[in-house]
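Secondary and tertiary structure notes
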Amino acid sequence: MNKLLIEMTAYCGLFCRDCLRYESEVIDKAKSLLSALEERKFDQYAEAKMQFDSSFEDYPLFIVLLKKIIALECKKSCRQGGGCSAFDCPILKCCLEKQYEGCWQCERLTDCDKFDFLKPFHGENPQKNCIDLRNNGFDNFDLRKRAFYVWDERPGMNYKNSKKP
Ligand code: SF4
Ligand code: SF4
């Protein structure tokens, strides 16, 4: 179990299986919705409908956003795929340079400003996870990890709802 936990725990302390982007049900549903809309030529319905309801003028924008949601899909965890977001992650880069398994091995953890870009989504939880891992290791980390997003109501909520067992 620890091997899986380590593979699924990113350098920053986030647990990839809880992510909305990692093999998530939400992305699967977005793909199904897009193909159903295309199959039924809903764009033509929207064009006719907009004469009676101007909100349907935004239908093309809705499709752009739906495609953007689908494009967020991540098929590998951060550790397996070399970064979650195809952007130059300063945390991942720093850990690889220092040859750390994760930030929990770093003495600068509590005052590191490289976590700032994660705060709108995750608050202080990545750093709290790292402190926990430093103190308690990976045993039962899946039961202790903090909520993935600041808006999650309870820890591990997405993990339990994920399509993965
Ligand atoms: S790419 Fe960076 S922010 Fe994203 S999960 Fe990996 S270490 Fe964390
Ligand atoms: S300085 Fe330490 S805590 Fe900050 S990103 Fe690098 S390894 Fe992680």
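The structure this text deals with has already been given above.
Throughout what follows, the structure given in this document is the object of discussion. (Residues numbered from 1 in each chain as written. Chains lettered and ligands numbered in written order. Predicted model: local features only at pLDDT ≥ 70, side-chain atom pairs only at ≥ 80, totals over all residues.)

Points about the nonpolar core
In this structure, Ala10, Tyr11, Cys12, Cys16, Ile91 and Cys103 are the most contacted members of the largest nonpolar core, which totals 22 residues. Elements represented by at least two residues in this core include exactly helix 6 (90-98) and helix 8 (125-136). Residue contributions to this core peak at three residues, all from helix 6. Apart from the residues lying within four places of it in its own chain, the contact partners of alanine 10 are Cys16, Cys78, Arg79 and Cys84. (Core = buried A, V, L, I, M, F, W, Y, C linked by C-beta atoms within 7 Å. Buried ≥ 20, exposed ≤ 12 C-beta atoms within 10 Å, placed from the backbone. Helix = DSSP H or I, 4+ residues; strand = E, 2+ residues; numbered from the N terminus. Contact = placed C-beta atoms within 7 Å.)

Some details on helix 2 (residues 25-39)
For helix 2, with 15 residues, the first-to-last C-alpha span of 21 Å sits near the 21 Å given by 1.5 Å per residue. Backbone geometry just downstream of helix 2 places lysine 41 in the positive-phi region, at approximately 50°. (Expected span 1.5 Å × (residues − 1).)

Brief notes about the site of ligand 1
Contacts to ligand 1 come from 12 residues, most closely from Ala10, Cys12, Cys78, Cys84 and Cys89. Residue composition of the shell around ligand 1, by class: 10 nonpolar, two polar and no charged. (Near = placed C-beta within 6 Å. Nonpolar A, V, L, I, M, F, W, Y, C, P; charged D, E, K, R; others polar.)

A look at the packing of helix 2 against helix 4 (residues 59-71)
Helix 4 packs onto helix 2 with a crossing angle of 140° between their chain directions and a minimal axis gap of 9 Å. By the angle between their axes, helix 2 is oblique relative to helix 4. Once helix 2 is placed against helix 4, the crossing between them reads as left-handed. Residues Ile27, Ala30, Lys31, Leu33 and Leu34 of helix 2 form the contact with helix 4, whose own contacting residues are Leu66, Lys67, Ile69 and Ile70. (Axes fitted to C-alpha atoms, helices over the stretch in contact; angles between N-to-C directions. Parallel < 35°, antiparallel > 145°, perpendicular 65-115°, else oblique. Left-handed = near helix turned anticlockwise from the far one by under 90°.)

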